[in-house]
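Letter by letter, the chains look like this.
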Amino acid sequence: MKKLIIATAILTAFIAPQVYAQSGNFKGFSVGLGVNLANTHVDVTTGTTTRSVSDSDSNLALQVQYNTALSEAFLLGFGATANLGDLKSGKFGNNQTNLNDAYSLYLAPSYAFNNTWLGYAKLAYLNATVKNGSGVGIKFDNGLGYGIGAQMLFDKNWFGQVEYMSNDYSEKTLTSDKVKLKNDVFTLSAGYKF
């Protein structure tokens, strides 16, 4: 019995720091740069007629985040993203529309599966502008995005991240038209945790 107690105490001494290290490895401030692969969809409704356009495009995105550990495996992330470039959102006739100045503020509840892998869900507040070829823009705010992702630590500081987001922006009225914006974004990122 005494040997069992000693063995349990030794095992606990080795396991406890490793279990805490699961969330501890991911907590703190981080910054990342990623490539967005997006499909953007715009609906314009005039009366009972709806015209729809969509386009696929890519751009770069910057992410800043702070993770706080809630337990041995659970964390909560607070962060922001900003698109570093426009995304094509389709053509109305010969007039190309683009998604500009997109950014988000988000919460990301996370789970550390082990010392190097983290899975998370994300809920985001969205803001963006859609501009046509002549520079006329419609500002979309109060949008809602949700998604999932995974992060892998390569060492103590460097990480890779993969994420999928579904973004639904608030409907806007422009003269007699109602404009709706939505996009789905797949992002591959690399980052540094301080």
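In what follows, the accompanying structure is described. (Residues numbered from 1 in each chain as written. Predicted model: local features only at pLDDT ≥ 70, side-chain atom pairs only at ≥ 80, totals over all residues. Heavy atoms only, no water.)

## Looking at the pattern of salt bridges
- Considering all chains together, one arrives at 3 salt bridges under this definition.
- Residue Lys172 pairs with Asp141 through a salt bridge whose shortest N-O separation is 3.0 Å. Remark: Asp141 occurs in strand β7 (residues 137–153) and Lys172 occurs in strand β9 (residues 172–174); sequence separation between them is 31 residues.
- Lys180 serves as the salt-bridge partner of Asp168, at 3.1 Å between the closest nitrogen and oxygen. Within this pair, whereas Asp168 is found in strand β8 (residues 158–168), its partner Lys180 is found in strand β10 (residues 177–193), the two being separated by 12 residues in sequence. (Salt bridge = Lys/Arg side-chain N within 4 Å of Asp/Glu carboxyl O. Helix = DSSP H or I, 4+ residues; strand = E, 2+ residues; numbered from the N terminus.)

## So, the environment of Val136
- Note that Val136 resides in the loop between β6 (117–131) and β7.
- With near-sequence residues (within four places) excluded, Val136 lies in contact with Val130 and Lys131. (Contact = heavy atoms within 4.5 Å.)

## Quick notes on the side chain of Thr129
- One can find Thr129 in strand β6.
- For Thr129, a relative accessible area of 11% corresponds to the buried category. (Buried < 20%, exposed > 50% of the residue type's maximum accessible area, 1.4 Å probe, protein only.)

## Concerning the pairing of strand β5 (residues 95–112)
- Judged from the 9 bridges that link them, strand β3 (residues 74–84) and β5 form a sheet pairing that is antiparallel. Following the sheet pairing, Ala80 is matched in β5 by Leu105.
- As paired elements, strand β4 (residues 87–92) and β5 share 5 bridges and run antiparallel to each other. When the sheet's bridge partners are listed, Lys91 is paired in β5 with Gln96.
- Joining the antiparallel neighbours β4 and β5 is a turn of 2 residues, in which Gly93 adopts a positive phi near 65°. (Pairing = 2+ DSSP bridges.)

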